[in-house]
Protein chains: 2
Amino acid sequence: MRMVMTIPPKRQGQSNARRELVSQEILEKSSALFAERGFANTSLQDVAQALEISRTSLYHYIGGKEPLLAELVHGLTRETADGLEKIAANEALDPLERLEAAVLDMTTRIANKPSRFRLLLLSEGSLPPALADEHRTARKRALQYLRSIIRAGMEAGQLRALDENVAAFSVLGMCNWVAWWYQPERNGGLRVEQVAAYIADLAIASLSTSAGRLPTGKLGPQHAIEILRKDLDYLERSLKGGNGS
Amino acid sequence: MRMVMTIPPKRQGQSNARRELVSQEILEKSSALFAERGFANTSLQDVAQALEISRTSLYHYIGGKEPLLAELVHGLTRETADGLEKIAANEALDPLERLEAAVLDMTTRIANKPSRFRLLLLSEGSLPPALADEHRTARKRALQYLRSIIRAGMEAGQLRALDENVAAFSVLGMCNWVAWWYQPERNGGLRVEQVAAYIADLAIASLSTSAGRLPTGKLGPQHAIEILRKDLDYLERSLKGGNGS
């Protein structure tokens, strides 16, 4: 894999948004290289060469290997936990809507930073102790909030009564795995928001009761009636086929 | 993490099954240590010390670091692809049953060897070229078979018409993530076959149409009628609640 980057020259009035974008892109591409070649065995010089930028520019943007690890934990694990905390506490949403918001939030984060997510998982064993603690704590919090959303959905009868832990980890698996397969250029131009919507739909379908599967007011009873008609058609065919005896 | 292992003395008549079991346990525990400490930075001597066995015993069971990598690719990626190939070609099963069999097969493999699965994912960048090729090819085959099962299910009307690729990767995510959370002692004694059955149920629920969600003869129309009754109860409540206007 060869990646060429053009770093725009610094100039007066260059927008912060533009700098932030370049910075994010360099972080993401460095993470991809670290993940591919092994964090411990790859120097900043190797990464700078591969990205065809100067070591100084690279250092300017990612600030060395240790700060990169810190950025992974702060920008991914901690922000995910904080995002889920807000969603879990949002009383304006019912539990099913909270589950949808949680999956959209997690998947969007991962699809926007797939290499960094992979590198973080690969580097869990190499985190400095304080950062490892922070990472572990944030991960536990995220799981707790997701479980509490799922539990609320079960109590409200919107989600099936399943092992709460297995349900949470299954949802996490769908979201997290996005880091291993999603590349817009390889997935027919699929956009981040489309992937997020797909995964949210799949997660909800996997956990919801038939009541939860029916629309909660948004699409109205007409949609529910369509679903029931299809079910009845199927049942009729199945009885005619002799499965009913 | 400190792991103590007792290696049974070799003796005449020792059963192959017993030796195989010890061998599998050592492979799994070495993989956990390599994954935790980084493959490149961990010597066989470090692993032997951590497992409190001699370097000679360890070498006897895992045959060095390179053979361990080969075992990961052969015992995981290739066997998974071979397993899915058989299932995809099994005409005795309908597509939904093939999807169920595929998820059971993949999840069982991963839940039995979680550390090895994690190590394989962490080591993808360190595989020798020939092994990397083999791994890549087997992974592509596995994805192909899973997609063909899902496509057949969509054509048969048992699975929803979704992006086939997203559907396949979402199922893979649920299965693969098991390697990161499943530990029987931490999950209330949840057995491998229980995890596999849970994940299969969640995967099927996520992808199936309402027709696919209804029983295909096994549980009979009585079960289908119960599902429809619940749907109708829900619809009635929702209309009474004023969502129907």
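Note that the structure is predicted; figures quoted are calculated from it, not measured. Residue numbering note: each chain is counted from 1, following its sequence as written. Lettering of chains starts at A and numbering of ligands starts at 1, both following the order in which they are written. At least 70 in pLDDT is required for a residue's local features to be given in this predicted model, at least 80 for side-chain atom pairs to be given and counted, and no such filter applies to totals for whole chains, interfaces and linings, which use all residues. Hydrogen atoms and water are omitted, and side-chain values are computed over all heavy atoms in the structure.

Only DSSP runs of H or I with at least four residues qualify as helices, and only runs of E with at least two residues qualify as strands; both kinds are numbered from the N terminus onward. When its secondary structure is counted, chain A shows 11 helices and zero strands. Along chain A, from the amino end to the carboxyl end, the secondary structure elements read α-α-α-α-α-α-α-α-α-α-α. We call two residues in contact when some of their heavy atoms are within 4.5 Å. Within chain A, counting contacts between residues at least 6 apart in sequence, those at least 24 apart form 71% of the total. As presented, chain A carries roughly 11,800 Å² of accessible surface, and 50% of it is formed by carbon and sulfur atoms. Accessibility throughout is a Shrake-Rupley quantity obtained with a 1.4 Å probe, and a residue counts as covered only by protein chains that appear here.

Our next topic: the side chain of Arg 116 of chain B. All names here are of chain B. Inspection of the secondary structure puts Arg 116 in helix α6 (residues 114–123). Overall, the relative accessible area of 2% leaves Arg 116 in the buried class. A polar side-chain atom of Arg 116 sits 3.4 Å from a polar atom in the side chain of Glu 71. Discounting residues that sit within four places of it in the chain, Arg 116 has contacts with Gln 24, Leu 27, Glu 28, Ser 31, Glu 71, Leu 72 and Leu 76. We call a residue buried when its accessible area falls under 20% of the maximum for its residue type, exposed when it is over 50%, and partly exposed in between, using a 1.4 Å probe and counting protein chains only. Counted as a polar contact is a pair of N or O atoms within 3.5 Å, where, for protein atoms, one must be capable of donating a hydrogen and the other of accepting one, and residues adjacent in sequence contribute only when both atoms are in side chains.

A separate point is the environment of Ile 62 of chain B. All names here are of chain B. In this structure, Ile 62 sits in helix α3 (residues 55–62). For Ile 62, a relative accessible area of 5% gives the class buried. A C-alpha to C-alpha distance of 9.5 Å links Ile 62 and Leu 44, two positions 18 residues apart in sequence.

Moving on, we come to the side chain of Asn 165 of chain B. Here Asn 165 of chain B is to be found in helix α8 (residues 164–181). A polar contact is formed between the side chain of Asn 165 of chain B and the side chain of Arg 147 of chain B, at a distance of 3.0 Å. Those residues in contact with Asn 165 of chain B that lie beyond four places of it in its chain are Asn 187 of chain A together with Arg 147 of chain B.

What follows is about helix α2 (residues 44–51) of chain A. Residue and element names in this part refer to chain A. Burial in α2 covers these residues: Leu 44, Val 47, Ala 48, Ala 50 and Leu 51. Within α2, the buried residues cover an arc of 165° as seen down the axis, which keeps them to one side. In the core, the buried residues of α2 are packed alongside α1 (16–37), α3 (55–62) and α4 (65–88). Two residues or fewer past α2, Glu 52 is found with a positive phi of approximately 55°. Here, the arc refers to the directions that run from the helix axis to the C-beta atoms.

This brings us to the pattern of salt bridges. Think of a salt bridge as a Lys or Arg side-chain nitrogen and an Asp or Glu carboxyl oxygen that are within 4 Å of each other. Enumeration according to the criterion identifies 28 salt bridges over all chains in this entry. Through salt bridges with shared partners, one network takes in Glu 28, Glu 71 and Arg 116 of chain A.

Residues and elements named next belong to chain A. Note on ring pairs: Phe, Tyr and Trp rings are taken, using the six-membered ring of Trp, and paired if centres are within 6.5 Å. Classes follow the plane angle, with under 30 degrees stacked, over 60 edge-to-face and the rest tilted. Enumeration over the complete set of coordinates arrives at eight aromatic pairs over all chains. Their ring planes at 15° and their centres at 5.0 Å tell us that Trp 177 and Trp 180 sit as a pair that is stacked. Of this pair, Trp 177 and Trp 180 both sit in helix α8 (residues 164–181), separated by three residues, roughly a single helical turn. Taking 6.1 Å as the distance between ring centres and 80° as the angle between the ring planes, the aromatic pair formed by Trp 181 and Tyr 182 counts as edge-to-face. For the pair formed by Trp 181 and Tyr 182, the shared burial category is buried. Among the aromatic residues, those joined into a ring-pair cluster are Phe 117, Trp 177 and Trp 180.

Another point: unusual backbone geometry. All names here are of chain A. The phi dihedral of Glu 52 is positive, around 55°, even though this residue is not glycine. Relative to the elements of secondary structure, Glu 52 occurs in the loop between α2 and α3. Classification of Glu 52 by relative accessible area gives partly exposed; the value is 40%.

The subject of this paragraph is the packing of helix α1 (residues 16–37) of chain B against α3 of chain B. All names here are of chain B. Fitted lines through C-alpha atoms serve as axes, helices being fitted only where they are in contact, and the angles separating the N-to-C directions of these axes extend from 0 to 180 degrees. Closest axis-to-axis distance for the α1/α3 pair is 9 Å, and the angle between their directions is 105°. Taken together, the axes of α1 and α3 lie roughly perpendicular to each other. Of the residues in α3, those touching α1 at Arg 19, Val 22, Ser 23, Ile 26, Leu 27, Ser 30 and Phe 34 are Leu 58, His 60, Tyr 61 and Ile 62. Asp, Glu, Lys and Arg are counted as charged, while Ala, Val, Leu, Ile, Met, Phe, Trp, Tyr, Cys and Pro are counted as nonpolar; the rest, among them Gly, fall into the polar class. When the residues that make up the contact of α1 with α3 are grouped by side-chain class, the tally is seven nonpolar, three polar and one charged. Orientation categories follow fixed angle ranges, with anything under 35 degrees roughly parallel, anything over 145 roughly antiparallel, 65 to 115 roughly perpendicular, and all other angles oblique.

We now examine the environment of Gly 63 of chain A. All names here are of chain A. Tracing the chain through its elements places Gly 63 in the loop between α3 and α4. Taking the relative accessible area as the measure of exposure, Gly 63 reaches 22% and is therefore partly exposed. Between the C-alpha atoms of Gly 63 and Glu 25, which are 38 residues apart in sequence, the distance is 14 Å.

Turning to the confidence of the model for chain A, a few remarks are in order. Residues and elements named next belong to chain A. On average, chain A scores 84 in pLDDT, and the residues at 70 or more come to 80%. The secondary-structure element of chain A with the lowest mean pLDDT is helix α10 (residues 210–213), recorded at 57, while helix α5 (residues 95–112) shows the highest, at 97. Confidence scores here are pLDDT values: one per residue, from the predictor, ranging 0 to 100. Contacts from residues 215–219, a stretch scored under 50 in pLDDT, to residues over four places away or in other chains number 10 contacts. Under the prediction, the complex receives an ipTM of 0.79, its pTM being 0.80.

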